[in-house]
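Notes for the structure review
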Amino acid sequence: MNNEERLVAEETLHHLFVGSSVDGIQFGLSPATTKIYFTHYDRNSDEDFVYLNVESKWSIYPSSTGSFPNSEIEMIDMTEEEKYWNLYKIRRQKVTQIRIGEISPHLFITFESGLILFINGFHEKYECWQSGVLFDNLWLVVACPGNGIATWTPTKK
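As the structure is a computational prediction, the values presented were derived from the model and not from experiment. (Residues numbered from 1 in each chain as written. Predicted model: local features only at pLDDT ≥ 70, side-chain atom pairs only at ≥ 80, totals over all residues. Heavy atoms only, no water.)

1. A few points about the pattern of salt bridges
In the structure shown here, the tally under the stated rule is four salt bridges. For Lys94, the salt bridge identified is with Asp42, shortest N-O distance 3.4 Å. Placement of the pair is Lys94 in the loop between helix H2 (80-88) and strand E5 (95-100) and Asp42 in the loop between strand E2 (34-39) and strand E3 (49-54), with a sequence separation of 52 residues. Relative accessible area serves as the criterion here: at 32%, Lys94 is assigned to the partly exposed category. Across the salt bridge formed by Arg43 and Asp48, the nearest N and O atoms sit 3.3 Å from each other. A relative accessible area of 28% places Arg43 in the partly exposed class. On the basis of relative accessibility, which here comes to 5%, the residue Asp48 falls in the buried class. (Salt bridge = Lys/Arg side-chain N within 4 Å of Asp/Glu carboxyl O. Helix = DSSP H or I, 4+ residues; strand = E, 2+ residues; numbered from the N terminus. Buried < 20%, exposed > 50% of the residue type's maximum accessible area, 1.4 Å probe, protein only.)

As structure tokens, then:
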């Protein structure tokens, strides 16, 4: 992942997520997959309903956290019940900041409470997370295998 790719992805995620609130969750076929839904209640746009599909380990940290894990190996395993209760902590909270790690596409989503949803972005073979707009396929940001990041946005006419 080069710096330009990271900045484009971060700008896209900022546009899609900042100001939205956690609005729902869906657990996937395996315990490793969770889809988190976000909604913008204070604007009227095609991008009001966004999602984050997580296929890697994640956790919620306080804003005072000084360092974050570098890979899944450094993260704790959570049961589905623990995942649910952790996501419950951030329900209806607005996203105030979103950023991507500089080396790996770790995702850091900060909420109005100061809590940070950290999603691991490094895996050698698999995509760790994907995000986009719920009802179209024009917006997509993907944490690719081996520290890559890919972004698709609508072309301006």
